[in-house]
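Architecture at a glance
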Amino acid sequence: MSPLAGPILTAAEIRGAEASAMAAGATVDSLMERAGQQIAVAVRRLAGANAILVVCGPGNNGGDGYVAARLLREAGLKVRVAALAEPKTDAAKAARAAWPGGVEPVADAQPASILVDALFGTGLARPLDAPDVPLPSSQRKLGSQAASAEQPPQETPASAGVMARNGAAATPITAKLRALAQAATLTIAIDLPSGVTTDDGRVLSDIPVFDITLALAAAKPSHLLQPAARHCGTIRILDIGVATTSAAQVLTRPNLPPPGPDAHKYTRGMVAIVAGSMPGAARLAGIAAMRAGAGYVLLLADDHSGPDALVHKPFAPQAIADPRIGALLIGPGLGRDADAVAKLDATLVTDHPLVIDGDALHLLKGNRLTTLATRDTPLILTPHAGEFDALFGASDASKIKRARAAAVQANAVIVFKGADTVIAGPDGAVRVAPGASPWLSTAGTGDVLAGAIAAMLASGLAPLEAASAGVWLHGEAAHRAGAAFIADDLAQALSAARATE
Ligand SMILES: NC(=O)C1=CN([C@@H]2O[C@H](COP(=O)(O)OP(=O)(O)OC[C@H]3O[C@@H](n4cnc5c(N)ncnc54)[C@H](O)[C@@H]3O)[C@@H](O)[C@H]2O)[C@@H](O)CC1
Ligand SMILES: Nc1ncnc2c1ncn2[C@@H]1O[C@H](COP(=O)(O)OP(=O)(O)O)[C@@H](O)[C@H]1O
Ligand SMILES: [K+]
């Protein structure tokens, strides 16, 4: 059981990885047995001596549930199994047959302290209560064995009163899942919370928020993309003996060594920031760049406010021509007037590595973006959802797909911000940031991020690594800043985030 890290695989990619494992000698049954073993070990650790209810679906996710239930029972735990329908796959049928206990219809299942959700995993194809969902009758016991004597028939739960018997009406499965989850003290989803898609972070049904999700073999996009990610709780990856690789990875702590003994301010990186009609935003970015470790930060602004360490110069073509500039940031508080356009155009013709944020992203629309894509100096764009839609068009596709396509179009690293920040490079490389503090949703935190990324780029990191390191430092600073911080506090906290190396 390892923390959320490593490759992120779509449903098709995970099927490919399983197929490779099978080509190398594994069988669906051996993979399921291994998955069930790993799940049982994890659940046993989490459950203590508490009673467990495993709810199983018709596919291989359900199969994993039957295997885990059997192994937990063999380990002496009190386990009951409830099923939505008879198993459909051969492996799940075999797993069900090997479960020595009874199987109750989910509709009739009484809650237990520990709820294990093995209804659906990567095969979920439609909302849980879509009309063609086969629902077992509450009167019929599934499988060959009725509930055993040690599990006497129980009272019909109040929630079962709303269960539809013909699958066409009401919302019985989600309502039942919510009721079972509410009555449990710990809820554990196998692979994914049932009711979320695998690849794009959608939540198809009104499902509970789980405490723990045990992801099999690797993370999937919906473990990281919102709103699905918030239903996963704490995510742990279980090694089920399937080798996984992907160009998409969970964002992890960067390797940022402290300055060497021979460092000077220019070797640490010089950041220049173009200020505009709201100079506070550029100042925040400047402070953030310094606190993220830049050696020299130049604010191209007419006023002289801000910490003394921030060097001020009025914006002028000579000022941005300085060859020592390692990253030039434009956008925070730039405005969109003629002055902003003139500054942007002067910036775009320099050869400096660029970070473009905020207002400047709106001004890129059209020809400027096309021209920018032909540049071959490092370029990072940091749009939030509104800026992204304005620049690249709105779409229902997954945030990962959209960020990748935008990176190709702009020939740039894209930092698609939000509660689930996705970083994508034009070569298809992707990093997705797990669970940033929701307290980041306050004005000015994007300016801080842009400054941190500019500092990383000026230090000489490649654009994808610079963007990744900036996003990580920003998230770590937010974690350290606690609750209800303001963007100024966040910028200050970058020093401590940087010191965690
Ligand atoms: N395929 C393999 O080799 C392995 C798969 N594993 C497990 O198998 C899961 C994937 O298995 P499956 O592909 O069988 O998929 P699922 O177990 O997620 O279920 C898919 C089945 O449910 C049906 N279905 C989809 N949405 C439904 C809905 N809303 N209501 C009712 N029925 C619906 C599908 O038609 C299909 O029969 C993984 O998440 C993982 O838990 C593991 O056992 C490891 C090995
Ligand atoms: N709910 C949230 N959870 C985690 N991070 C968030 C959330 N909302 C916003 N953020 C982060 O906060 C920053 C906000 O940036 P942005 O929208 O540009 O704000 P501003 O322009 O006011 O600085 C981004 O880094 C974004 O990823
Ligand atoms: K599940």
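Everything numeric in this text was worked out from a predicted model, so none of it was measured. (Residues numbered from 1 in each chain as written. Chains lettered and ligands numbered in written order. Predicted model: local features only at pLDDT ≥ 70, side-chain atom pairs only at ≥ 80, totals over all residues.)

1. What to know about the UniProt feature "binding site: AMP" (unreviewed entry) in the protein chain
Our working rule: UniProt positions are given in the numbering used here, feature names are shortened, and annotations may be inferred rather than shown by experiment. In DSSP terms, a helix is any run of H or I states spanning at least four residues, a strand is any run of E spanning at least two, and both are numbered starting from the N terminus. To assign burial, the other C-beta atoms lying within 10 Å of each residue's own C-beta are counted, with C-beta atoms placed from the backbone; 20 or more indicates buried, 12 or fewer indicates exposed, and intermediate counts indicate partly exposed. Contact definition: two residues whose C-beta atoms, as placed from backbone geometry, lie within 7 Å.
On the UniProt side, "binding site: AMP" (unreviewed entry) is annotated at positions that read Lys-417, Gly-418, Ala-419, Asp-420, Thr-421 and Gly-446 here. Across 30 residues of sequence, these annotated residues stay compact in space, with a maximum C-alpha separation of 13.7 Å. Position of Thr-421 relative to the elements: it lies in the loop between strand 16 (413-416) and strand 17 (422-424). Using a count of 27 C-beta atoms within 10 Å as the deciding quantity, one classes Thr-421 as buried. In this structure, Thr-421 is in contact with Val-415, Phe-416, Ala-433, Ala-436 and Val-471, ignoring residues within four places of it in sequence. For Gly-446, the location among the structural elements is in helix 14 (residues 445-458). By C-beta crowding, Gly-446 is classed as buried, having 25 other C-beta atoms within 10 Å. In this structure Gly-446 touches Asp-357, Gly-358, His-384 and Lys-417, once residues within four positions along its chain are discounted.

2. Re the site of ligand 1
As a reminder, the rule being used: Nearness rests on one distance test: the residue's C-beta atom, set from the backbone, must lie within 6 Å of the molecule or strand. Under the scheme applied here, ten amino acids are nonpolar (Ala, Val, Leu, Ile, Met, Phe, Trp, Tyr, Cys and Pro), four are charged (Asp, Glu, Lys and Arg), and all others, including Gly, are polar.
Of all residues adjacent to ligand 1, which total 30 residues, the nearest are Gly-59, Asn-60, Asn-61, Gly-121 and Gly-123. Elements that contribute at least two residues to the shell around ligand 1 include exactly helix 2 (28-47) and helix 3 (60-74). No other element matches helix 3, which puts five residues into the shell around ligand 1. Of the residues in the shell around ligand 1, the class split is 15 nonpolar, ten polar and five charged.

3. A word on the site of ligand 2
Near ligand 2 you find 18 residues, and of these Lys-417, Ala-419, Leu-440, Ser-441 and Gly-446 are the closest. Grouping the constituent residues of the shell around ligand 2 by class yields six nonpolar, ten polar and two charged.

4. Focus on helix 9 (residues 338-348)
A turn of α-helix holds 3.6 residues, and therefore any two residues three or four places apart point the same way. As a reminder, the rule being used: Throughout, the arc means the angular range of directions from the helix axis out to the C-beta atoms.
Within the span of helix 9, buried status applies to Ala-340, Lys-343, Leu-344 and Thr-347. Each buried residue of helix 9 lies within a common arc of 100° when the element is viewed along its axis, so the set occupies one face. Pointing more than 90 degrees away from the buried face of helix 9 are the exposed residues Ala-338, Ala-342 and Asp-345. Buried positions along helix 9 lie against strand 10 (270-274), helix 8 (317-321), strand 13 (327-330), strand 14 (354-356) and helix 10 (358-364).

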